[in-house]
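Chain by chain, the residues run as shown.
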Amino acid sequence: MFALVDCNNFYASCERVFKPNLENKPIAVLSNNDGCIIARSNEAKALGLKMGEPIFKKRDTVYKHNIHLFSSNFALYGDISKRVFDVVISQVPSYEMYSIDEAFLDFKGIKDPYGFAFQLKKKVKKYVGIPISIGISHTKTLSKVASYIAKKSRNSVCLLDKKEHIDSILKSLPVDEIWGIGTRYAIKLKRYGIYTASDLVACDENWIRKTLNVTGLRMVQELKGIPHFDLKFKRERKKSICTSRSFALEVKDYTRMSEYVSMFSSRCSEKLRMEDGCARSVSVFMYTNMFKPKEKQYSGNISMNFDTPTSDSISITKLALKCIKKIYKNGYSYKKAGVTLSGIISKNEVQLNIFDSEDRVRSNNLMKTLDVINGNIGRDILKLGSSGINKWKIGKEKLSPSYTTNWSDILTIKL
């Protein structure tokens, strides 16, 4: 038996934890530059707000229905995610983190899976304040289906263990909602008259393999109750790490742009060290606002390699600043920029260069100290001078406090 734990409207629910007065009120969370909708409460969904939609198109709806808007606070969401799954994984023998708000659990040997899941849901709500849904079934793919049903049920728990019940659900499940069927495949399948999961399961397996490849065939067999996908206990290393932002106010100054690139480089370096990885190369890109065709347009992109793969913030930032010198052009208004680290390998696989003069031990100790201090006290308590002394919000005008990750934002209780 597998179970899928999924946090309901996770980003919106995180904002509600410290603002209980927003319970049952419409909430939307915006992207990094406050431009697009990336999360909605059920109430906001009912008012017609869609994922990825530019918020300026919904201004009238926002004002009319008093929809509460929040800038994305990923530091807060990441910490609350950890708290949720610390509670969840303490109750099961093994698990697989699937995303920031989802995890597969091993329910093997649990005598009353529905009752166990119901109590687990109550415990998470009590300890952390986040509502979750739990879908349980014989395979990971079916547990995804059960989770889809659980989100729409009153108890937020769904157990699919009987064949007749599974067959009934698959007949009404849109093919778009099947785990692993993206938009492109869904369009392709509908051309063949396949609109539901039941339609897909009824197809010839040789045709499925030819149309959806081997992984698609295994997914369909999992819908039939034949397990193929086990829990993954070791997360795959990322192939690249990117930090980018769209600017609320377009950047026209080289100094300001270099400070942003320095900040992006530091963020990428932090993420890289969390992966226990080192990068072989760094890329920097920037471009103007393509939605202003009357203004001068330009886009620049360049990559440079390190002599030796590294995760050192100083080394990464130095090379990123060399990149920006090569592609930055005066006289343009830049709307977006970013830094990408590529060629990521394990820090234990780094092959030193005979001409490498960097003191690796000193560098590692310095970065470890930097991460510990920023992790315990708050992000950017220590940072590189090239990032500037200002705290750039980059359009985050509706940013809520980082209640659990920043000492200055901790709630004050008045007796």
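Summarised in this report is the structure supplied together with it.

The rules behind the values
- Residues numbered from 1 in each chain as written.
- Predicted model: local features only at pLDDT ≥ 70, side-chain atom pairs only at ≥ 80, totals over all residues.
- Heavy atoms only, no water.
- Helix = DSSP H or I, 4+ residues; strand = E, 2+ residues; numbered from the N terminus.
- Buried < 20%, exposed > 50% of the residue type's maximum accessible area, 1.4 Å probe, protein only.
- Contact = heavy atoms within 4.5 Å.
- Areas by Shrake-Rupley, 256 points an atom, 1.4 Å probe, with all protein chains shown as cover.
- Arc of directions from axis to C-beta.
- Pairing = 2+ DSSP bridges.
- Axes fitted to C-alpha atoms, helices over the stretch in contact; angles between N-to-C directions.
- Patch = residues over 30% accessible without salt bridge, like charges linked within 9 Å, V, L, I, M, F, W, Y side chains within 5 Å.
- Salt bridge = Lys/Arg side-chain N within 4 Å of Asp/Glu carboxyl O.
- Lys, Arg positive; Asp, Glu negative; His and termini not counted.
- Charge placed at Lys NZ, Arg CZ, Asp CG, Glu CD.

Overview of the overall build of the protein
(1) Moving on: Along the backbone of the protein there are 13 helices and 13 strands.
(2) Moving on: If you line up the protein on its principal axes, its C-alpha atoms span 65 × 55 × 50 Å.
(3) Moving on: Sorting the 415 residues of the protein into buried and exposed places 48% on the buried side.
(4) Moving on: The long-range fraction of contacts in the protein, counting pairs at least 24 apart against all pairs at least 6 apart in sequence, stands at 68%.
(5) Moving on: On the protein, roughly 22700 Å² of surface is accessible, and the fraction owed to carbon and sulfur atoms is 52%.

Some thoughts on the environment of Lys 144
(1) Moving on: Relative to the elements of secondary structure, Lys 144 occurs in helix 6 (residues 140-150).
(2) Moving on: Judged by its relative accessible area of 19%, Lys 144 is buried.
(3) Moving on: Lys 144 sits 138 residues away from Asp 6 along the chain, and the two C-alpha atoms are 9.4 Å apart.
(4) Moving on: Setting aside anything within four residues of it in sequence, one finds Lys 144 in contact with Leu 4, Tyr 98, Glu 102, Phe 104 and Trp 179.

Examining helix 8 (residues 183-191)
(1) Moving on: Regarding helix 8, the residues found buried are Tyr 185, Ala 186 and Leu 189. Summarising the axial view, the buried residues of helix 8 lie within an arc of 100°, below the 170-degree limit, and thus occupy one face. With respect to the buried face of helix 8, the exposed residues turned more than 90 degrees away are Thr 183, Arg 184 and Arg 191.
(2) Moving on: Where the residues of helix 8 are buried, they touch helix 9 (197-201) and helix 10 (205-223).
(3) Moving on: Backbone geometry just downstream of helix 8 places Gly 193 in the positive-phi region, at approximately 80°.

Some details on the sheet that holds strand 3 (residues 37-40)
(1) Moving on: Taken in spatial order, the three strands of this open sheet run 3-2-4, and their pairing is mixed. Of all strands in the sheet, those with a lone pairing partner are strand 3 and strand 4 (68-71), marking the two edges. Neighbour-to-neighbour, the strand axes of this sheet turn through a mean angle of 30°, independent of strand direction.
(2) Moving on: Of the pairings in the sheet, the one linking strand 2 (residues 27-30) to strand 4 comprises four bridges and is parallel in character. Of the residues in strand 4, the one forming a bridge with Val 29 is Phe 70.

Some thoughts on a positive patch on the surface
(1) Moving on: A surface patch of positive charge is lined by Lys 318, Lys 322, Lys 325 and Lys 326.
(2) Moving on: Among the secondary structure elements, Lys 326 is positioned in helix 12 (residues 313-327).

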